[in-house]
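# Structural overview
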Amino acid sequence: MSTEIAWFRHDLRLADNPLLDFQTPPEQLICVYVLDIRWLESPLPGLAARRIGPARLQFLWQSLIELRGELLKRGSDLLVRIDDPVTVLADLAERNGASRVHVRHDAGFDEERAVSALVAELSRHCEVVQTEGGMLFDAASLPIDVADVPPSFSGFRRRAEKSWQVPESRLAPVTLPPWPRDAARGLPPLREVSPEAAGWKSDPRGQFRFAGGEAAGQARLDHYLWDTAALAHYKQTRDGLLGADFSTRLSPWLAQGCLSARQVHDAVRAWEARHGANDSTYWVIFELLWRDYFHWAAHQEGRTLFGVRELPLLSDDVRAWCEGRTGVPFVDAAMQELSATGWLSNRARQNAASFLVRNLAGDWRLGAAWFEHCLIDYDIASNWGNWRYVAGVGRDTRPRALDVHAQAGYYDPDGAYAAQWLASSTPFFP
Ligand SMILES: Cc1cc2nc3c(=O)[nH]c(=O)nc-3n(C[C@H](O)[C@H](O)[C@H](O)COP(=O)(O)OP(=O)(O)OC[C@H]3O[C@@H](n4cnc5c(N)ncnc54)[C@H](O)[C@@H]3O)c2cc1C
């Protein structure tokens, strides 16, 4: 009996997932997700802040539970382990005599190194097949050579838009190969993994609750495009700070791979076909192109994406920034919203990051690590890429300092945003 393994990472969906496209389907299939045990450690010296904070861990578990349900409906199942991914995959392949492990070619130094380590661990009877997916482009459809991605986003966009052809998203498979009879399956309850994550609740002042999984991601997409037509005004509202619909809020589903960028792209094109294209529809795709840019740039960067990896100790200033008590209301509101909801608008992220780097002369890597802990939508390439961009390190070294007081005056003229988060709030800190 031929047995193959689908190793899910940041691609927790069935639709438009090349991981499940088999040229010749195996007779048996094992679907596995491994929560890297190192994500439960803290990279910030002197601070009990795990790389994966409670908000994202809860969203991840919801996504895994839903993925398992969808796999079961198609005759398959899901195994979830918390361990070193390479050890789990090598062991699983050997025990089940698997001939192939399919995995997405993720951006990120650790992610790429894990795949190389797995190749070295596996017997010569088992090969690793790397797929691509989740982005607008794959290496074949990217109108630029992967090794030749320009240092600036503008250069990338100009070249991408010259011969723009995003491949269509694909439907979910109807059936899947069965599960090997004696192979382990299932996932541990979240309360056993992290009681804090199991009990985590988003602060209602955020006016939005993210729920993990493919169906919830699709529902948000439908809401934004078809139910409310908020898409029609995205360009005018996207710098908003308060409310649920000023931007798509699709980032958590895109980051965990509950939705692919091509699914969003196709939905926007379908909306344009019915209602007409405008600046706003263009701009949503433009933002997705930013995401692709950081993804392809991260592939090029490898280890240098993170700067020097060992982080310095937190100074009092940086700690105050994390806690949202710098004394600058616009920045403090943003940092408190981030801790209390696991999400932040792009405008608030830009200001919070700029303030740390320019006004406090803080180390950008500490800011990126804090965001990594807090964000539900944490994505290696987008987070570390945006931080490098704000800090002006690496590929694009132009200074990007924002005057946060001027920004507050422009984007929060009556102080409603600051008041929302600072009035009678209880500062959160792990
Ligand atoms: C310091 C900093 C850290 C960031 N960290 C992350 C992160 O870890 N994960 C993440 O998804 N985004 C990150 N961003 C980018 C951006 O702020 C969020 O993608 C956006 O705010 C999410 O809200 P939305 O889904 O409503 O976005 P929309 O404005 O509705 O945009 C649609 C989609 O486009 C993509 N997108 C938009 N802006 C960017 C951008 N600047 N870079 C990359 N992709 C973008 C996202 O996938 C987003 O869901 C960061 C930005 C900054 C300044």
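Please read these numbers as outputs of a predicted model, since none were measured by experiment.

## Describing the site of the ligand
- Surveying the vicinity of the ligand reveals 27 residues, the closest of which are Tyr234, Ser247, Thr248, Arg249 and Asn346.
- One of the side-chain N or O atoms of serine 247 is found 2.5 Å from an oxygen atom in the ligand.
- In isolation the ligand exposes 830 Å². Once the protein is present, 97% of that is buried.
- Of all the secondary structure elements, the ones that give two or more residues to the shell around the ligand are helix H9 (251–256), helix H11 (279–301), helix H14 (346–359) and helix H16 (380–391).
- Structurally, the shell around the ligand is a two-domain feature, drawing no fewer than three residues from each of domain 2 (134–165 + 215–306) and domain 3 (316–415).

## A closer look at unusual backbone geometry
- In this model, glutamine 207 sits at a positive phi of 55 degrees, which is unusual for a non-glycine residue.
- On the secondary structure map, glutamine 207 appears in the loop between helix H6 (195–198) and helix H7 (214–227).
- Classification of glutamine 207 by relative accessible area gives partly exposed; the value is 41%.
- Non-glycine residue alanine 361 carries a positive phi angle of around 50 degrees.
- Within the secondary structure layout, alanine 361 lies in the loop between H14 and helix H15 (364–374).

## Topic: the nonpolar core
- Counting 92 residues, the largest nonpolar core has Leu44, Phe156, Trp321, Trp370, Phe371, Trp387 and Tyr417 as its most contacted members.
- In terms of residue count, H11 provides more of this core than any other element does, 10 residues in total.
- In contact with tryptophan 387, not counting residues within four places along its chain, are Trp321, Ala353, Leu356, Val357, Trp364, Gly367, Ala368 and Phe371.
- Counting residues in each nonpolar core, the second largest holds 49 residues, with Phe22, Leu40, Leu78 and Val101 among its members.

## Thoughts on the pattern of salt bridges
- For the coordinates displayed, the defined rule picks out 27 salt bridges.
- Two residues, arginine 100 and glutamate 127, come together in a salt bridge whose shortest N-O distance is 2.8 Å. Here the residue arginine 100 occupies a position in strand E4 (residues 100–104), and glutamate 127 occupies one in strand E5 (residues 127–131), the gap between them amounting to 27 residues.
- The partner of aspartate 239 in a salt bridge is arginine 238, with the nearest N and O atoms 3.9 Å apart.
- Classification of aspartate 239 by relative accessible area gives partly exposed; the value is 21%.
- A residue is classified by how much of its surface remains accessible, and arginine 238, at 19% relative accessible area, is buried.
- A single network of salt bridges, built from pairs that share partners, joins Arg238, Asp239, Glu287 and Arg347.

## Some words on the state of the cysteines
- Inspection of the entire model under this criterion finds zero disulfides.
- No disulfide involves cysteine 126; its sulfur sits 15 Å from the nearest other cysteine sulfur, which is in cysteine 31.
- The exposure class assigned to cysteine 126 is buried, which follows from its relative accessible area of 9%.
- In this structure cysteine 374 is not part of a disulfide, and its nearest cysteine sulfur, from cysteine 322, lies 7.5 Å away.
- You can call cysteine 374 buried: its relative accessible area is 7%.

Here is what the cut-offs are and how they apply
- Residues numbered from 1 in each chain as written.
- Predicted model: local features only at pLDDT ≥ 70, side-chain atom pairs only at ≥ 80, totals over all residues.
- Heavy atoms only, no water.
- Near = heavy atom within 4 Å.
- Polar contact = N/O pair within 3.5 Å; in protein donor to acceptor, adjacent residues only side chain to side chain.
- Areas by Shrake-Rupley, 256 points an atom, 1.4 Å probe, with all protein chains shown as cover.
- Helix = DSSP H or I, 4+ residues; strand = E, 2+ residues; numbered from the N terminus.
- Domains from an automatic or database assignment.
- Buried < 20%, exposed > 50% of the residue type's maximum accessible area, 1.4 Å probe, protein only.
- Core = buried A, V, L, I, M, F, W, Y, C linked by side-chain atoms within 4.5 Å.
- Contact = heavy atoms within 4.5 Å.
- Salt bridge = Lys/Arg side-chain N within 4 Å of Asp/Glu carboxyl O.
- Disulfide = S-S within 2.5 Å.

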